[in-house]
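Inside the fold
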Amino acid sequence: MQPHSWVAIVTLVALLVYVWMGARVGGARKKCGIDAPTMTGDPELERHIRVQANTLEWLPIFLPSLWLFAIYWSDLVATIAGAVWIVGRIVYALGYAASADKREVGFIIQMLATAVLLFGALGRVIWMLVVVGA
């Protein structure tokens, strides 16, 4: 059995990036003087909240795709694509926090990395079923 150590590290770093985004929401709240549970009132706070929420929306797509790709295809390629996803999310977060119109590059990077993992895993599983029968 493969240990999938690099994919595990990518998984944990992706979660740490999400925690970092949550901390940035807290920092924006403090800076703007808006206490929880209020979610609106300052565009900077709203952008930070949207970054964290959008990342949470992508994690259930990214993480299973990452692991299934690693199991059915390649740990190395899954690790690289996962690292690209992390970089994309960071670029997205920093861009969006600065201005909503600066989020696109990071979003596209992480979306393409996820697409490679998702469709690569799906294709391999279908191929295994059709060709190998398992």
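Worth saying up front: this structure is predicted, and the values here are computed from it rather than measured.

Description of the packing of aromatic side chains
- In the structure shown here, the tally under the stated rule is five aromatic pairs.
- Between the aromatic rings of tyrosine 92 and tyrosine 96, the centroid separation amounts to 5.5 Å while the plane-to-plane angle is 75°, which identifies the pairing as edge-to-face. Placement of the pair is tyrosine 92 and tyrosine 96 together in helix α3 (residues 75-98), with a separation of four residues, close to one helical turn. Comparing tyrosine 92 with tyrosine 96, the two get one shared label, buried.
- The residue whose ring lies beneath arginine 103 is tyrosine 96, and the NZ or CZ to ring-centre distance is 5.1 Å.
- In this arrangement the basic side chain of arginine 124 is found over the ring face of tryptophan 73, its NZ or CZ atom lying 4.4 Å from the centre.

Some points on helix α2 (residues 43-72)
- The first and last C-alpha atoms of α2 sit 43 Å apart over 30 residues, in line with the 44 Å expected at 1.5 Å per residue.
- Along α2, the helix axis deviates most sharply at leucine 59, where the bend reaches about 40°; the proline proline 60 sits within four residues downstream.
- By the N-cap criterion, in which a side-chain oxygen at the helix start approaches the backbone nitrogen of a residue two or three places on, α2 is capped by aspartate 42, the distance to glutamate 44 being 2.9 Å.

Here's the deal with the side chain of asparagine 54
- Of note, asparagine 54 is situated in helix α2.
- Note on asparagine 54: relative accessible area 7%, which makes it buried.
- Apart from the residues lying within four places of it in its own chain, the contact partners of asparagine 54 are Arg89, Tyr92 and Phe107.

Quick notes on helix α4 (residues 104-132)
- For α4, spanning 29 residues, the distance from its first C-alpha to its last is 40 Å, which sits close to the expected 42 Å at 1.5 Å a residue.
- Trailing α4 by a residue or two, glycine 133 shows a phi angle of about 85°, which is positive.

The rules we used
Residues numbered from 1 in each chain as written. Predicted model: local features only at pLDDT ≥ 70, side-chain atom pairs only at ≥ 80, totals over all residues. Heavy atoms only, no water. Phe/Tyr/Trp six-rings, centres within 6.5 Å; stacked < 30°, edge-to-face > 60°. Helix = DSSP H or I, 4+ residues; strand = E, 2+ residues; numbered from the N terminus. Buried < 20%, exposed > 50% of the residue type's maximum accessible area, 1.4 Å probe, protein only. Lys NZ or Arg CZ within 6 Å of the ring centre and 35° of its normal. Expected span 1.5 Å × (residues − 1). Bend = angle between axes of the 7 residues up to and from the residue. Polar contact = N/O pair within 3.5 Å; in protein donor to acceptor, adjacent residues only side chain to side chain. Contact = heavy atoms within 4.5 Å.

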